[in-house]
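Structure at a glance
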Amino acid sequence: MDDGQGWTAAPAAAERARSMLATAWSCAVTADGGREEYVGAHTVTEDGRVLLEVPEDSALLTAAICAPRGEPSAVLEFADVSPVPVRNRIRARLWLAGWFAPEDGKLAFKATRVVLRQPSGAVVIDLDEFAGAAPDPLATAEARLLTHLADCHADAVERLTRLVEPDSLHGAVKVQPLAVDRHGLTLRIERTRAHGDVRLPFHRPADDVAQLTERMHVLLTQAGSASCPRALQRQRTDGDG
């Protein structure tokens, strides 16, 4: 279910994909009919190429050497998982199809197709846009920022619901911060057996944590002057999905 709040500024798909690559700790690689999970083994170059460290006896290394150069010989999959415990924690998935080539003791992956799937649907990202995009400046700090907001400032999160359309809060039992980027904050609104997301845009993009703090203060000030919605229903959501 998608709780619409109208159009709000949000990262472009290419920027979202690059942010996922910059923060993902693991990736799944499907190649030559097999699938392997790699944890803490990849880095990303400035132009979006993925460098993967694999053992010398890895079947993936053999497949990369033997595959015809330039043919889609592998698919890399990355999952963007919410750092805050919410229902359906996977916020997006990213698939890169392309080919590997040995480079300086690593496998360098050149994407020939990039697909990002978010709750709003899947989009094929232009390769030039992907190569030229940069990660969101808050991407590497997002997990720390969101968990701090959820664990230490639950009152602030509930206050921010004053900025949410009343229809989006109908039947809500819990609200948690789901995502934050330079353009805004996204809240996950959970109901007994459903959930939806709403986005609170900043008045201007935040390029670092100091600016984010100012943007959040502006939102809280706006919330403080807004009418108070009906209190969230206090119900157990254990086992709901």
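The rules we used
Residues numbered from 1 in each chain as written. Predicted model: local features only at pLDDT ≥ 70, side-chain atom pairs only at ≥ 80, totals over all residues. Heavy atoms only, no water. 1 Å grid on protein atoms, 1.4 Å probe; cavity = no way out; pocket = protein on both sides within 12 Å on 5 of 7 lines; lining within 4 Å. Points joined across faces, edges and corners; volume = space filled by probe spheres on them. Helix = DSSP H or I, 4+ residues; strand = E, 2+ residues; numbered from the N terminus. Nonpolar A, V, L, I, M, F, W, Y, C, P; charged D, E, K, R; others polar. Contact = heavy atoms within 4.5 Å. Polar contact = N/O pair within 3.5 Å; in protein donor to acceptor, adjacent residues only side chain to side chain. Pairing = 2+ DSSP bridges. Phe/Tyr/Trp six-rings, centres within 6.5 Å; stacked < 30°, edge-to-face > 60°. Lys NZ or Arg CZ within 6 Å of the ring centre and 35° of its normal.

Okay, the layout of surface pockets next. The computed volume of the second largest pocket comes to approximately 300 Å³. Contributing elements (two or more residues each) for the lining of the second largest pocket: helix 4 (142-152) and helix 6 (209-224). The leading source of residues in the lining of the second largest pocket is helix 6, at six residues. Along the lines of polarity and charge, the residues of the lining of the second largest pocket split into ten nonpolar, four polar and one charged.

Moving on, we get to the environment of Asp47. Considering the arrangement of structural elements, one finds Asp47 in the loop between strand 3 (42-44) and strand 4 (50-52). Linking Asp47 and Phe130, residues 83 residues apart in sequence, is a C-alpha distance of 7.9 Å. Asp47 has contacts with Arg18 and Ala131, leaving out every residue within four places of it along the chain. Of note is the side chain of Asp47, whose polar atom sits 2.4 Å from the side chain of Thr45. Side-chain polar atoms of Asp47 contact the backbone nitrogen of Arg49, separated by 3.4 Å.

This part covers the pairing of strand 7 (residues 106-118). As paired elements, strand 4 and strand 7 share three bridges and run antiparallel to each other. If you follow Leu52 over to strand 7, its bridge partner there is Leu107. Across eleven bridges, strand 6 (residues 90-103) lies against strand 7 in antiparallel orientation. By the bridge assignment for strand 7, Glu103 is matched with Lys106. The antiparallel pairing of strand 6 with strand 7 creates a hairpin that spans two residues between the two strands, and Asp104 there sits at a positive phi of about 50°. Relative to strand 8 (residues 121-125), strand 7 is paired through five bridges, and the arrangement is antiparallel. When the sheet's bridge partners are listed, Arg117 is paired in strand 8 with Ala122. If you look at the hairpin formed by strand 7 and strand 8, you'll find two residues sitting between the two strands.

Within the structure shown, the criterion is met by one aromatic pair. When the ring centre of Phe130 is taken as reference, the NZ or CZ atom of Arg18 above it lies at 5.6 Å.

On to unusual backbone geometry, then. Non-glycine residue Asn88 carries a positive phi angle of around 55°. In this structure, Asn88 sits in the loop between strand 5 (74-81) and strand 6. Backbone geometry at Asp104 places phi at a positive 50°, although glycine is not the residue there. Looking at the element boundaries, Asp104 is found in the loop between strand 6 and strand 7.

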